[in-house]
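# Working through the structure, step by step
Spelled out from the first residue to the last, the chains are:
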Amino acid sequence: QSALTQPASVSGSPGQSITISCTGTSSDVGGYDYVAWYQQHPGEAPKLIIYNVDYRPSGVSLRFSGSKSGNTASLTIFGLQAADDADYYCSSYTSRRTHVFGSGTKVTVL
Amino acid sequence: QITLKESGPTVVAPTQTLTLTCTFSGFSLSSREVGVGWIRQPPGEALEWLALIYGDDDKRHSPSLKSRLTITKDTSRSQVVFTMTTMDPVDTATYYCTYKNRDSSGYEYWGQGHPVTVSS
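Residues numbered from 1 in each chain as written. Chains lettered and ligands numbered in written order. Predicted model: local features only at pLDDT ≥ 70, side-chain atom pairs only at ≥ 80, totals over all residues. Heavy atoms only, no water.

### What about the interface of chain A and chain B?
The interface is formed by 23 residues belonging to chain A together with 22 residues belonging to chain B. Considering only the surface of chain A that becomes buried against chain B, Arg-97, His-99 and Phe-101 of chain A emerge as the three largest contributors, covering 33% of it. For the pair chain A and chain B, the interface holds 1 salt bridge. Two residues, Asp-58 of chain B and Arg-97 of chain A, come together in a salt bridge whose shortest N-O distance is 3.3 Å. (Contact = heavy atoms within 4.5 Å. Buried area = accessible area lost by both parts, 1.4 Å probe. Salt bridge = Lys/Arg side-chain N within 4 Å of Asp/Glu carboxyl O.)

See below:
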């Protein structure tokens, strides 16, 4: 199974909104509402911020929002803050009953 | 409070087998709704999903690595053991143990990660 495709980098100024895409196939992203997103700061373990396409775990900021259309999922960060400067990964359940991660996106807050 | 911690060797010789143990607390791996997974991350690279085991012993493995992977659980000791055979320098990575609920697509709790270097 191939990694899901994400843009290598996305940047924005504080207060702006940015969107990260995650493109798969009908065998993963497009076939199931089982997409998750993770935030990872340098030297730390990833943190789950979105699951099941658009659900936020308890304690995760409302500024993070997930969506999906066809074979592409998206993560939008509203009101960009310095603390959002991190790597972001999407993941999806697959038709083989496994999971696959995205290639990762570096978000830079200018 | 759910916690997970990985343990095992930090250096493995090429062709040898890697065995990692995940010791967890705050939940029991006796329910089919609960799972423990393994995910790795080579230095400077993306996350890679490896394997998952649920409390009913339902096991999943990465298709590309399936022949090399084994995942088992010891419910009484609150541990999951992960093995990867025929290690190669490209397997050098930080290996994470994670918690997952079957109804969720996300791995909600993560261990601190365990660095493994494959080198002679």
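### As for the environment of Thr-98 of chain A
Looking at the element boundaries, Thr-98 of chain A is found in the loop between strand S7 (86-93) and strand S8 (99-101). Considering only alpha carbons, one finds Thr-98 of chain A and Asp-28 of chain A, 70 residues apart in sequence, at a separation of 9.4 Å. Once residues within four sequence positions are removed from consideration, Thr-98 of chain A is found in contact with Gln-1, Ser-92 and Tyr-93 of chain A together with Trp-49, His-61 and Pro-63 of chain B. (Helix = DSSP H or I, 4+ residues; strand = E, 2+ residues; numbered from the N terminus.)

### Here we look at the sheet that holds strand S2 (residues 18-23) of chain A
Residue and element names in this part refer to chain A. Read across the open sheet, the 3 strands follow the order S2-S6-S5; overall the sheet is antiparallel. One side of each edge strand has no neighbouring strand; the edge strands of this open sheet are S2 and strand S5 (64-69). Direction aside, neighbouring strands of the sheet carry axes that sit 20° apart on average. (Pairing = 2+ DSSP bridges. Axes fitted to C-alpha atoms, helices over the stretch in contact; angles between N-to-C directions.)

### With respect to the nonpolar core
Core analysis: the biggest nonpolar cluster contains 28 residues, and Trp-38, Val-80, Phe-82, Met-84 and Tyr-95 of chain B have the highest contact counts within it. When neighbours within four sequence positions are excluded, Met-84 of chain B is seen to be in contact with Gln-16, Thr-17, Leu-18, Arg-40, Leu-50, Leu-65, Arg-68, Leu-69, Asp-91 and Tyr-95 of chain B. Core analysis: the second largest hydrophobic core is formed by 23 residues, Ala-86, Tyr-88, Cys-90 and Val-109 of chain A among them. (Core = buried A, V, L, I, M, F, W, Y, C linked by side-chain atoms within 4.5 Å. Buried < 20%, exposed > 50% of the residue type's maximum accessible area, 1.4 Å probe, protein only.)

### Remarks on the pattern of salt bridges
All names here are of chain B. In the structure shown here, the tally under the stated rule is 12 salt bridges over all chains. Note that Asp-91 and Arg-68 form a salt bridge whose closest N and O atoms lie 2.7 Å from each other. Of the two residues, Asp-91 is situated in the loop between strand S8 (79-84) and strand S9 (93-101) and Arg-68 in the loop between strand S6 (59-61) and strand S7 (69-74); the sequence distance between them amounts to 23 residues. Each member of the pair Asp-91 and Arg-68 is classed as buried.

### Brief notes about the pairing of S2 of chain A
All names here are of chain A. What you see with S2 is a clean split: Ile-18, Ile-20 and Cys-22 sit on the buried side and Thr-19, Ser-21 and Thr-23 on the side with no burial. Relative to strand S6 (residues 72-77), S2 is paired through 6 bridges, and the arrangement is antiparallel. Note on S6: the bridge partner recorded for Ser-21 is Ser-74.

### Here we look at the sheet that holds strand S3 (residues 18-25) of chain B
Residue and element names in this part refer to chain B. Pairing in this open sheet of 4 strands is antiparallel, and the strands run S1-S3-S8-S7 from one edge to the other. The sheet terminates laterally at strand S1 (3-7) and S7, the two strands that pair on one side only. The mean angle between the axes of side-by-side strands here comes to 20°, regardless of whether they run parallel or antiparallel. Sheet topology note: the S7/S8 ladder contains 6 bridges and is antiparallel. From the neighbouring strand, Thr-70 faces S8, where its bridge partner is Thr-83.

### Focus on the state of the cysteines
Under the definition given, this model contains 2 disulfides over all chains. Across the disulfide from Cys-22 of chain A sits Cys-90 of chain A; the S-S distance is 2.0 Å. Disulfide Cys-22 of chain A to Cys-90 of chain A: torsion about the S-S bond roughly 75°, handedness right-handed. With a gap of 68 residues between them, Cys-22 of chain A in strand S2 and Cys-90 of chain A in strand S7 connect regions that are remote in the sequence. The pair Cys-22 of chain A / Cys-90 of chain A is uniform in exposure class, with both members buried. Sulfur-sulfur distance for the disulfide between Cys-22 of chain B and Cys-97 of chain B comes to 1.8 Å. Of note, the bridge from Cys-22 of chain B to Cys-97 of chain B carries an S-S torsion of about -65° and is left-handed in sense. With Cys-22 of chain B in strand S3 and Cys-97 of chain B in strand S9, this pair connects stretches of sequence that are 75 residues apart. For Cys-97 of chain B, a relative accessible area of 0% corresponds to the buried category. (Disulfide = S-S within 2.5 Å.)

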